[in-house]
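Structural overview
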Amino acid sequence: MYLYETHVHSLKGSLCGKCTPQELVRAYNQAGYTGFILTDHFVKGNTSVPRDLDWETRMRMYYDAYLEAKEEGDKLDFDVFFGIEHWYAKGKEILIYGIDLDFLLAHPELDTARIETYADLVHEYGGILVHAHPHRIRDYIDPDFMPRYDACDGIEVYNAGDVDEINELALQDAIRLNKIMTSGGDVHKVIDEPKLGRAGVGFNRRLKDIHDFVTALKNGEGQIMFHGEMRKIQ
């Protein structure tokens, strides 16, 4: 099975990231993964990209982190795809797959766009939105603000940074709403990191690119990893 991490942060794009893109690639490659999707925190989230720069410069900085990871991945026959984690309201975040630098450069309104507009633009481009850790409890998250599942195609039903009870709520939401399911490590470091190797989505074939990942998820091809063990998605 070809295993892909769906949720990982580097210090190049995420203020909470502790590792370079290259270090992440080497760690995941050593852990037996086929690839990962780099999902650094976007403009309204915990980003390390300066907010006072012009839009194009900021977008290229996000994409440069991906390019650095991809360059290292190519050396190791390790797949690296591009994504982002977008803070949309009250501490709630969505993972966006199937977009690229051209999309980001074309839409400077993303900085202030409502989630409905965000979803429309991503869908028009052929991408999908997956709600990250929807029931997470943290001091920066408003517990009374319900996840905007209506704008999302999928739900992260296992996040290695959350306890089983929290993940179970997300899983039940995905079953009830018939949403795409994913599993993410939400990894920010590679040294003494118990989350690494416990999450991901596995496929019976190697994926070509991020668009292939989106298609495979829509087709229900994959299996999700819970605590390091695979489970069929549908």
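Structure: above.
What comes next is a walk through the structure. Since we're looking at a predicted model, the values are computed, not measured. (Residues numbered from 1 in each chain as written. Predicted model: local features only at pLDDT ≥ 70, side-chain atom pairs only at ≥ 80, totals over all residues. Heavy atoms only, no water.)

Scanning the chain from terminus to terminus reveals six helices and 10 strands. Taken over C-alpha atoms, the radius of gyration comes to 16 Å for the chain, in line with the 17 Å a tight globule of 234 residues would show. For the chain, the C-alpha atoms occupy an extent of roughly 45 × 45 × 35 Å along the three principal directions. Here the chain, with 234 residues, has 56% of them falling under the buried criterion. Once local pairs closer than 6 in sequence are excluded, the contacts in the chain between residues at least 24 apart make up 70%. Of the roughly 10,100 Å² of accessible surface on the chain, a fraction of 49% belongs to carbon and sulfur atoms. (Helix = DSSP H or I, 4+ residues; strand = E, 2+ residues; numbered from the N terminus. Rg over C-alpha atoms; globule rule 2.2 N^0.38 Å. Buried < 20%, exposed > 50% of the residue type's maximum accessible area, 1.4 Å probe, protein only. Contact = heavy atoms within 4.5 Å. Areas by Shrake-Rupley, 256 points an atom, 1.4 Å probe, with all protein chains shown as cover.)

Here Lys92 is to be found in strand E4 (residues 92–97). Buried within the structure, Lys92 lacks any salt-bridge partner; Asp142 is the closest side chain of opposite charge, at an N-O distance of 6.7 Å. Within the structure, the side chain of Lys92 is placed 3.4 Å from the backbone oxygen of Asp142, a separation counted as a polar contact. Dropping the residues within four chain positions of it, Lys92 is found in contact with His86, Trp87, His131, Pro134, Ile141, Asp142, Phe145 and Pro147. (Lys, Arg positive; Asp, Glu negative; His and termini not counted. Salt bridge = Lys/Arg side-chain N within 4 Å of Asp/Glu carboxyl O. Polar contact = N/O pair within 3.5 Å; in protein donor to acceptor, adjacent residues only side chain to side chain.)

Overall, the coordinates contain 17 salt bridges when judged by the stated rule. Close ionic contact of Asp173 with Arg176 constitutes a salt bridge, the shortest N to O distance being 3.0 Å. Taken together, the residues Asp173 and Arg176, both in helix H5 (residues 164–177) and three residues apart, mark about one turn of the helix. The exposure class assigned to Asp173 is buried, which follows from its relative accessible area of 10%. Looking at Arg176, the relative accessible area reads 57%, which means it is exposed. Connected through shared salt-bridge partners, Arg114, Glu116, Arg148 and Asp150 make up one network.

Moving on to the nonpolar core. Formed by 45 residues in total, the largest nonpolar core has its most connected members in Phe36 and Phe42. Looking at this core, the elements that each hand over two or more residues are strand E1 (2–8), helix H1 (21–30), strand E2 (35–41), helix H2 (55–76), strand E3 (79–89), E4, helix H3 (101–106) and helix H4 (115–124). Residues in contact with Phe36, not counting those within four places in the same chain, are Tyr4, Glu5, Val8, Leu24, Val25, Tyr28, Ala69, Phe78, Asp79, Val80 and Phe81. (Core = buried A, V, L, I, M, F, W, Y, C linked by side-chain atoms within 4.5 Å.)

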